[in-house]
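So you can see what is in the structure, the chains are spelled out below.
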Amino acid sequence: MDAWPACDVPLLPAPEGERRPRLKLHDTASGEVREIAVDETARMYVCGITPYDATHLGHAATYVAFDLVQRVWRDQGIDVHYVQNVTDVDDPLLERAAHTGESWVILAQREIDLFRDDMAALRVLPPTGYVGAVEAVPEITDAIQRLLEEDIAYPVGDDLYFDVTATGRFGDVSHVERAEMMELSAARGGDPQTAGKRDPLDSLLWRGQRHGEPYWDTPVGRGRPGWHVECAVIALNRLGVDFDLQGGGSDLVFPHHEHSAATAEALTGKHPFAKNYVHAGMIGLDGEKMSKSRGNLVLVSKLRAAGVDPMAIRLALLDGHYRADREWTGGRLGKAEARLARWRAAAAQETGPDGAALLARLRERLADDLDTPGALALADEWAQAALSSGEDADAPKLFRTAVDALLGVAL
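Residues numbered from 1 in each chain as written. Predicted model: local features only at pLDDT ≥ 70, side-chain atom pairs only at ≥ 80, totals over all residues. Heavy atoms only, no water.

Trainee: Can you tell me about the pattern of salt bridges, naming the residues and giving the values?
Mentor: With the rule as written, the count across this model stands at 32 salt bridges. With a closest N to O distance of 3.0 Å, Asp-163 and Arg-198 form a salt bridge. Pair noted here: Asp-163 is in the loop between β7 (159-162) and α5 (178-187) and Arg-198 is in the loop between α5 and β8 (203-208), with a separation of 35 residues, a long-range link. The shortest N-O distance in the salt bridge between Asp-369 and Arg-323 comes to 2.7 Å. Here the residue Asp-369 occupies a position in the loop between α11 (355-367) and α12 (372-386), and Arg-323 occupies one in the loop between α9 (310-318) and β15 (326-327), the gap between them amounting to 46 residues. Taking relative accessible area as the criterion, Asp-369 reaches 4% and is therefore assigned buried. Exposure remark for Arg-323: the relative accessible area of 34% places this residue in the partly exposed category. Shared partners join several salt bridges into a network, and the residues in it are Asp-319, Lys-335, Arg-339, Arg-342 and Asp-380. (Salt bridge = Lys/Arg side-chain N within 4 Å of Asp/Glu carboxyl O. Helix = DSSP H or I, 4+ residues; strand = E, 2+ residues; numbered from the N terminus. Buried < 20%, exposed > 50% of the residue type's maximum accessible area, 1.4 Å probe, protein only.)

Trainee: Before we move on, can you summarise the sheet that holds strand β6 (residues 153-156) with the specific residues and values?
Mentor: Strand order in the open sheet made by the five strands is β6-β7-β8-β10-β9, with antiparallel pairing throughout. Strands with a single pairing partner mark the edges of an open sheet, and in this sheet they are β6 and β9 (216-218). In this sheet, adjacent strand axes meet at a mean angle of 40° when their direction is disregarded. The sheet contact formed by β7 and β8 spans three bridges and is antiparallel. By the bridge assignment for β8, Leu-160 is matched with Trp-206. Strands β6, β7, β8, β9 and β10 (221-225) of the sheet are contacted by helix α4 (residues 137-149), whose axis makes an angle of about 115° with β8. (Pairing = 2+ DSSP bridges. Axes fitted to C-alpha atoms, helices over the stretch in contact; angles between N-to-C directions. Contact = heavy atoms within 4.5 Å.)

Trainee: So what about the sheet that holds strand β3 (residues 41-46)? Which residues, and what values?
Mentor: One open sheet accounts for five strands, arranged β5-β4-β3-β11-β12; its pairing is parallel. If you trace the sheet from one side to the other, it starts and ends with β5 (129-132) and β12 (277-280), each paired once. Strand-to-strand twist of the sheet, defined as the mean angle between neighbouring strand axes without regard to direction, takes the value 20°. Judged from the four bridges that link them, strand β11 (residues 245-249) and β12 form a sheet pairing that is parallel. Of the residues in β12, the one forming a bridge with Gly-248 is His-279. Where helix α7 (residues 253-268) meets the sheet, its contacts fall on β11 and β12, and the angle it forms with β11 comes to roughly 155°.

Trainee: I'd like a description of the environment of Gln-209, backed by residues and values.
Mentor: Assignment of secondary structure puts Gln-209 in the loop between β8 and β9. The class of Gln-209 is partly exposed, set by a relative accessible area of 34%. For the pair formed by Gln-209 and Gln-193, sequence separation is 16 residues and the distance between their alpha carbons is 20 Å.

Trainee: Which residues make up the nonpolar core, and what values do they have?
Mentor: If you look at the biggest cluster of nonpolar residues, it comprises 76 residues, and the most contacted ones within it are Leu-25, Val-69, Trp-73, Trp-328, Trp-343 and Phe-399. Top contributing element to this core by residue count: helix α1 (residues 57-75), with 11 residues. When near neighbours in sequence (up to four residues on either side) are disregarded, Leu-25 contacts Glu-32, Val-33, Arg-34, Ile-36, Val-69, Leu-245, Val-278, Tyr-322, Asp-369 and Leu-370. Judged by nonpolar contacts, the second largest core, of 43 residues, contains Ala-136, Val-164, Leu-201 and Val-229. (Core = buried A, V, L, I, M, F, W, Y, C linked by side-chain atoms within 4.5 Å.)

Trainee: Break down the packing of α4 against α7 for me, with residues and values.
Mentor: Their axes nearest at 10 Å, the elements α4 and α7 cross at an angle of 70°. The angle between the axes of α4 and α7 places the two elements in the roughly perpendicular class. Here the hand of the crossing between α4 and α7 comes out left-handed. Counted together, Ala-143, Arg-146 and Leu-147 of α4 and Thr-263, Ala-266 and Leu-267 of α7 form the full contact between these two elements. Of the residues assigned to the contact of α4 with α7, the class counts are four nonpolar, one polar and one charged. (Parallel < 35°, antiparallel > 145°, perpendicular 65-115°, else oblique. Left-handed = near helix turned anticlockwise from the far one by under 90°. Nonpolar A, V, L, I, M, F, W, Y, C, P; charged D, E, K, R; others polar.)

Trainee: Let's hear about α5: which residues, and what values?
Mentor: For α5, the complete set of buried residues consists of Met-181, Leu-184 and Ser-185. Around the axis of α5, the buried residues are gathered within 105° of arc, so they sit on the same side. Exposed positions of α5 whose direction lies more than 90 degrees from the buried face are Ala-179, Glu-183, Ala-186 and Ala-187. Contacts from the buried residues of α5 go to α7. Once α5 finishes, Gly-189 follows within two positions and takes phi at roughly 95°, a positive value. (Arc of directions from axis to C-beta.)

Trainee: Tell me about the pairing of β8, residues and numbers included.
Mentor: Across the six residues of β8, five count as buried, placing the element largely inside the fold. In terms of strand pairing, β8 meets β10 through three bridges, oriented antiparallel. Paired with Trp-206 across the two strands is Pro-225, which belongs to β10.

Trainee: Describe the environment of Pro-214, naming the residues involved and giving the relevant values.
Mentor: Counting through the fold element by element, Pro-214 comes out in the loop between β8 and β9. A relative accessible area of 16% places Pro-214 in the buried class. It is 8.3 Å that separates the C-alpha atoms of Pro-214 and Val-89, two residues lying 125 residues apart in sequence. If sequence neighbours within four positions are ignored, Pro-214 has contacts with Val-89, Leu-94, Trp-104 and Arg-224.

Dropping the structure here:
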């Protein structure tokens, strides 16, 4: 599957002595902000969309956050191998298609195309591997066969389930108590109430053929893959075990990332699946998480269609720490539009304050757990000063380049 086209990322001058601050992020599994130590190539997997509706600001905030991770790594001279999936066959998609009377294939393709357009408009750098569940069915069923052979997968009727006790490490990612696991599983696509499972928390690997649903005829039977094994297999087969960063929204910590990690570690016999688990906060509207099920979505495509500059949308999403749950309010976008206009005016000045000092401080803020509020404040301070005075003739160009390369905002 093709991703969206990449925007150009300008190169920034190296700091004196070639020393850049190393990226630190909050790791969910350890509960600590720690340095993300990588080699010459960083390996990152971020869970993608289920394409049954348009990109809302909660999606956008997550992908902008991990876009910043890419940009910081690239500025440090590190290559990034970034993989993202698309769950292009799953219950929510099929339910929406049944409700509207539309083919699930056509619905999925339309929403994937719209997502691509939104990501390109927001200048989110694309993954190097963009993989749909449908195209990954053969490799997913190969993995399920291996789990069956090891008695880690087992049948319940026509379905196949994963035994969460297989690794002895289930819970190491989320550190959620069992009672809460049961609640979250029921609320987030699991089926703890299903009879015949070894453990109520065991997750669906393969859904056997149901009347009227799409299916694939495979060595493990007719049916379609489960969600958790999909991500485990797509990541393993492209990044290997022990890759650098597993990312997504905080609502994926449990059950999705917990189950994906357990499945992958059972397949490989190795731990950990990912070295770091990094999660973005939720975007809320009127006091509730923005989600399709609640119908309280603010859509990127509708803002764009209304003439809102995508760079203002991006700035509004950056105006809050990536890990923080935050509200989308009417004032947030207006503030971002005013900031964008001010930055553009400052970048058009003939001189400005010391640009090299600003660049060094921006690098420090972003390397410190993606402190975008701190980075925006620094840029605001520079822009305000540039509009009144300045002696550095190279500073406006460097400001424009730094904001583009590091924050992804084109001035």
